[in-house]
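# Breakdown of the fold
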Amino acid sequence: MEQETTADRITRIRRVTWIGLFINALLAGVKFTVGLLGASQAVIADAVHSLSDMATDVSVILGVRYWSAPPDDDHPYGHRKIEAIITVLIGLALLSVALGLGYKALCTIAQPHVRKTTWIALTGPVLSIILKEIMYRWTVIVGRQERSTAVVANAWHHRSDALSSIPAVIAVAASAMNPSWFFVDHIGALIISVFILKVSWDIVWPSFSELADRGASLKDRTRIRKIAMGVDGVRGVHAIRTRKSGESLYVDLHVLVDPEISVRSGHDISERVKEALLNDGPGILDIVAHLEPDE
């Protein structure tokens, strides 16, 4: 049953990502074509962003089978760190795109266009806004349902492409209306690069923290303690330790019980603590409960 569930999960993630890959290829081609025909640096910059989306789509398609693999002897905690690594790579891909586009925009901001920007350049970013916002909404739903940071990160990559097309539209319109406003096109490319830079940071930092074994938030730790303390027979809870794995948590904690009860009774209490936390806790994958006598 677990294998069927994992296979279904992989299928859902791959389906939405394959469609995203096709749309990114289509948009990159359209933007490059109309950007060249319409003499718009901002639209060409937007096309490069779409190409980076394709690279991250491929990363998710290839990586999902590996990070979804069950625990084994060599990886007793599973393979979810692979997802964090791929998420970081997605963010770094965005970072490199942002720095490259921003550098080019700054270097050419005072250079007039060789040809006048024309209205045809608008078709690429307008189409991108519509299609990529649709892909963002679909992909983020799948990512949250499957509790996948890499898929959610890829969804934000879609939205960053949609939002970065807005300054491209403004830049094309301004340059097309008045050729002396050519600098607006370069500013548009610079704004796109800054936006992509912000998105890359938002993607990289949480996953980098996960790779460094960052624990749960104070709110989640408080919730864990409250749930455990609500189990009959528990006299106290301390030494709560957590570490993130994707959107989920591994937890270990010490549970204080009556020192006079039997080993069997203590074991039953620890099992009830685990069951309560798995059912009601903040996305917990596994729990180790260490019993201590309440002296």
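Residues numbered from 1 in each chain as written. Predicted model: local features only at pLDDT ≥ 70, side-chain atom pairs only at ≥ 80, totals over all residues. Heavy atoms only, no water.

On to the overall build of the protein chain. Summing up its helical and strand segments, the protein chain has 8 helices and 3 strands in all. Counting helices and strands in the order they occur from the N terminus, the protein chain gives α-α-α-α-α-α-α-β-β-α-β. Its C-alpha atoms give the protein chain principal-axis dimensions of roughly 90 × 35 × 30 Å. Buried positions account for 47% of the 295 residues belonging to the protein chain. The long-range share in the protein chain, meaning contacts at least 24 apart out of those at least 6 apart in sequence, stands at 75%. (Helix = DSSP H or I, 4+ residues; strand = E, 2+ residues; numbered from the N terminus. Buried < 20%, exposed > 50% of the residue type's maximum accessible area, 1.4 Å probe, protein only. Contact = heavy atoms within 4.5 Å.)

If you trace the backbone, R15 turns up in helix α1 (residues 2-37). Assessed through its relative accessible area of 44%, R15 is described here as partly exposed. Considering only alpha carbons, one finds R15 and V142, 127 residues apart in sequence, at a separation of 10.0 Å.

Here we take up the packing of helix α3 (residues 81-107) against helix α5 (residues 149-177). Closest axis-to-axis distance for the α3/α5 pair is 8 Å, and the angle between their directions is 15 degrees. For the element pair α3 / α5, the angle class is roughly parallel. The two elements α3 and α5 cross, and the hand of that crossing is left-handed. Only T149, A150, A153, H157 and S160 of α5 make contact with α3, whose side of the interface consists of E83, T87, I90 and L94. (Axes fitted to C-alpha atoms, helices over the stretch in contact; angles between N-to-C directions. Parallel < 35°, antiparallel > 145°, perpendicular 65-115°, else oblique. Left-handed = near helix turned anticlockwise from the far one by under 90°.)

What follows concerns α5. An ideal rise of 1.5 Å per residue puts 42 Å on 29 residues; α5 measures up with 43 Å between its terminal C-alpha atoms. For α5, a buried count of 23 out of 29 residues is recorded, marking the element as mostly surrounded by other parts of the structure. (Expected span 1.5 Å × (residues − 1).)

Quick look at the sheet that holds strand β2 (residues 248-257) now. If you walk across this open sheet you meet the 3 strands as β1-β2-β3, and the pairing is mixed. The outermost strands of the open sheet, each flanked by one partner alone, are β1 (236-245) and β3 (284-293). Strand-to-strand, the axes of this sheet are offset by a mean angle of 15 degrees, without reference to chain direction. Looking at chain direction, β1 and β2 are connected through 8 bridges and run antiparallel. In the strand pairing of β2, H238 is matched with H254. Seen against the sheet, helix α7 (residues 218-229) touches β1, β2 and β3 and runs at an angle of roughly 135 degrees to β1. Against the sheet, helix α8 (residues 263-280) contacts β2 and β3, and its axis sits at roughly 150 degrees relative to β3. (Pairing = 2+ DSSP bridges.)

Attention now goes to the pattern of salt bridges. Within the structure shown, the criterion is met by 6 salt bridges. For the salt bridge of R241 with D252, the shortest nitrogen-to-oxygen distance reads 3.1 Å. Placement of R241 in strand β1 and of D252 in strand β2 is noted, with a sequence separation of 11 residues between them. Salt bridges here are not isolated pairs; linked through shared partners, they connect E133, R137 and R159. (Salt bridge = Lys/Arg side-chain N within 4 Å of Asp/Glu carboxyl O.)

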